[in-house]
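In case you want the letters, here they are:
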Amino acid sequence: MADQTHVLFVEDDDVIREATQLALERDGFVVTAMPDGLSGLDAFRADRPDIALLDVMVPGLDGVSLCRRIRDESTVPVIMLSARADSIDVVLGLEAGADDYVTKPFDGAVLVARIRAVLRRFGHAGGGDRTEEAAPVGGVLAFGDLEVDTEGMEVRRAGQPVALTPTEMRLLLEFSSAPGTVLSRDKLLERVWDYGWGGDTRVVDVHVQRLRTKIGQDRIETVRGFGYKLKA
C-alpha cells in the first residue's frame, strides 16, 4: 500500500466529501478527507500527501489561503475546486500556487482524469503506480542572465537559484526548447497540462505571470492573438 498515491481532500460538504472519497478510493487512491482548512493543513503537515484537492470555500482557513500555506512549504501539486467557473476564486487559487482547478459539480471520471494528468506531470501515475518521465535532452541553456539546466532541473537568474514549482518548470522547459517561437495557449495546455481536451486558458495565463515574476517580467513576451514566446 505504501506505493499508492495519497490524496489530501479538503471539502466541507459532507455528501460531496464522502462520495468523492469513495470514488477516489475505488480508483486506487489513498484519501485523507478533511472538513475545513485548519484540519487540512494539519493533515498535510502530518501525512505529506502526493496531491491536494482543496475546495475554495471551506471554513476556518479558506482553500486559497490553505493553498498559499502549502505552497510556502512544498511544491506538491494542488488542484482547486470551485463552484463557479467564472469566479474570481479560480484566478486567486491559481495565483496562490495551484496547478489546476476543477469546477463543481464535477463528474468523478473527469476529476480522476485531471488528477492523473497532474500526477503524470509530477512523475506519478494515478491510482498508485509511479512512473518515470523521460529526461529532457539538452544541458544548460542561457537566455541573457537566465540559465536553464534541462538535465538537473535547475534554474538560475544572475547566478542565483530560482525556485520553481514542477508546473512552472515544465512551462519554462517548453519555452526554452523553442526560444523565439510563439506557443499558443492551447498548445501549452496540451504539452504542460496534458489536456487532451479544451481547457481554460486562464490556467496558462496565470502560470505565465507567476513565471515572469521569477525569471523576469520581460523574458516571456505576449504575442496578442497568438500566445507567448521566450525572448532568445
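Basis of the calculations
- Position labels on residues start from 1 in each chain and follow its written sequence.
- The model is predicted, so local features are restricted to residues of pLDDT at least 70 and side-chain atom pairs to those at 80 or more, both for listing and for counting; the totals for chains, interfaces and linings are taken over all residues.
- Only heavy atoms go into the side-chain values, all of them from the structure, while hydrogens and water stay out.
- A run of H or I in DSSP becomes a helix once it reaches four residues, and a run of E becomes a strand once it reaches two; helices and strands are each numbered from the N terminus.
- Only protein chains enter the accessibility calculation, which uses a 1.4 Å probe; a residue whose area is less than 20% of its type maximum is buried, one above 50% is exposed, and one in between is partly exposed.
- In what follows, a contact means two residues having at least one pair of non-hydrogen atoms within 4.5 Å.
- For every accessible area listed, the method is Shrake-Rupley and the probe measures 1.4 Å; residues are considered covered only by the protein chains on display.
- What makes two strands pair is DSSP finding at least two bridges between them.
- Axis lines are fitted through C-alpha atoms, for helices just across the contact stretch, and the angle between N-to-C directions can take any value from 0 to 180 degrees.
- Here, nonpolar core refers to any group of buried Ala, Val, Leu, Ile, Met, Phe, Trp, Tyr and Cys residues whose side-chain atoms link them within 4.5 Å.
- Note on handedness: a clockwise path from strand one over the helix to strand two, with the strands aimed away from the viewer, defines a right-handed crossover.
- Under this scheme an angle from 65 to 115 degrees is roughly perpendicular, one under 35 degrees roughly parallel, and one over 145 degrees roughly antiparallel; angles in between are oblique.
- Left-handed describes a crossing whose near helix is turned anticlockwise from the far helix through less than a right angle; right-handed describes the clockwise counterpart.

Colleague: Any details on the overall build of the protein chain? Residues and values, ideally.
Modeller: Tallying secondary structure elements over the protein chain gives eight helices and 11 strands in all. Per-residue burial for the protein chain yields a buried fraction of 50% across its 232 residues. Of the contacts made within the protein chain by residues no fewer than 6 positions apart, 58% connect residues no fewer than 24 positions apart. Per element, the accessible surface of the protein chain, about 10700 Å² overall, is 50% carbon and sulfur.

Colleague: Outline the sheet that holds strand 7 (residues 146-149), supporting the account with residue identities and numerical values.
Modeller: Pairing between the strands of a sheet comes from backbone hydrogen bonds, and it takes one of two forms, parallel or antiparallel. With antiparallel pairing, four strands are arranged side by side in an open sheet as 6-7-8-9. Since the sheet does not close on itself, it has two edges, and those belong to strand 6 (140-143) and strand 9 (160-161), each with one partner. Packed on one face of the sheet, helix 6 (residues 166-176) meets strand 6, strand 7 and strand 8 (154-157) and runs near 105° to strand 7.

Colleague: An account of the nonpolar core is requested, with residue identities and associated values reported.
Modeller: Leu54, Met80 and Phe175 are the most contacted members of the largest nonpolar core, which has 49 residues in total. The element contributing the most residues to this core is helix 8 (residues 202-215), with six residues. Residues in contact with Leu54, not counting those within four places in the same chain, are Val10, Gly63, Leu66, Cys67, Ile70, Val78, Ile79, Met80 and Leu81. The next biggest cluster of nonpolar side chains, apart from the first, holds 16 residues, and it includes Leu24, Leu53, Val102 and Ile115.

Colleague: Provide a residue-level description of the side chain of Glu11, including the pertinent values.
Modeller: Summarising the element assignment, Glu11 is placed in the loop between strand 1 (6-10) and helix 1 (14-26). Relative accessible area serves as the criterion here: at 1%, Glu11 is assigned to the buried category. When residues no more than four places from it in sequence are discounted, the contact partners of Glu11 are Ile16, Arg17, Met34, Pro35, Asp55, Val58 and Lys104.

Colleague: How would you sum up the pairing of strand 2 (residues 30-34)? Please name residues and give values.
Modeller: Relative to strand 2, strand 1 runs parallel, the two sharing five bridges. By the bridge assignment for strand 2, Val7 is matched with Val31. In this fold, the crossover linking strand 1 to strand 2 by way of helix 1 has right-handed handedness.

Colleague: Hey, could you go over the sheet that holds strand 2 for me, with residue numbers and the actual values?
Modeller: The five strands lie next to each other as 2-1-3-4-5, forming an open sheet whose pairing is parallel. Looking at which strands have only one partner, the edges of the open sheet turn out to be strand 2 and strand 5 (100-103). Taking the axes of each pair of neighbouring strands and ignoring which way they run, one obtains an average angle of 20° across the sheet. Running at roughly 170° to strand 2, helix 1 makes contact with strand 1, strand 2 and strand 3 (51-55) of the sheet.

Colleague: Pulling in residues and values, what's your account of unusual backbone geometry?
Modeller: Following Lys104, the chain continues to Pro105 via a peptide bond in cis, the omega torsion being -5°. The backbone of Met153 shows a phi angle near 55°, a positive value even though the residue is not glycine. Unusually for a residue other than glycine, Ala158 sits at a positive phi of about 55°. Mapped onto the secondary structure, Ala158 falls in the loop between strand 8 and strand 9.

Colleague: Kindly report on the packing of helix 6 against helix 7 (residues 185-192), identifying the contributing residues and their values.
Modeller: For the pair helix 6 and helix 7, interaxial distance at closest approach is 10 Å and the crossing angle is 125°. Relative to helix 7, helix 6 is oriented oblique. Of the two possible hands of crossing, helix 6 and helix 7 adopt the one that is right-handed. Residue-level inspection shows Thr167, Arg170, Leu171, Glu174 and Phe175 of helix 6 in contact with helix 7, the latter providing Leu188, Arg191 and Val192.

Colleague: Could you give an account of the environment of Arg157, with specific residues and numbers?
Modeller: Structurally, the position occupied by Arg157 is in strand 8. Overall, the relative accessible area of 34% leaves Arg157 in the partly exposed class. Between the alpha carbons of Arg157 and Ala142 there is a distance of 9.7 Å; along the sequence they are 15 residues apart. For Arg157, the residues in contact, after removing those within four places along its chain, are Asp145, Leu146, Val162, Lys214, Ile215 and Gly216.

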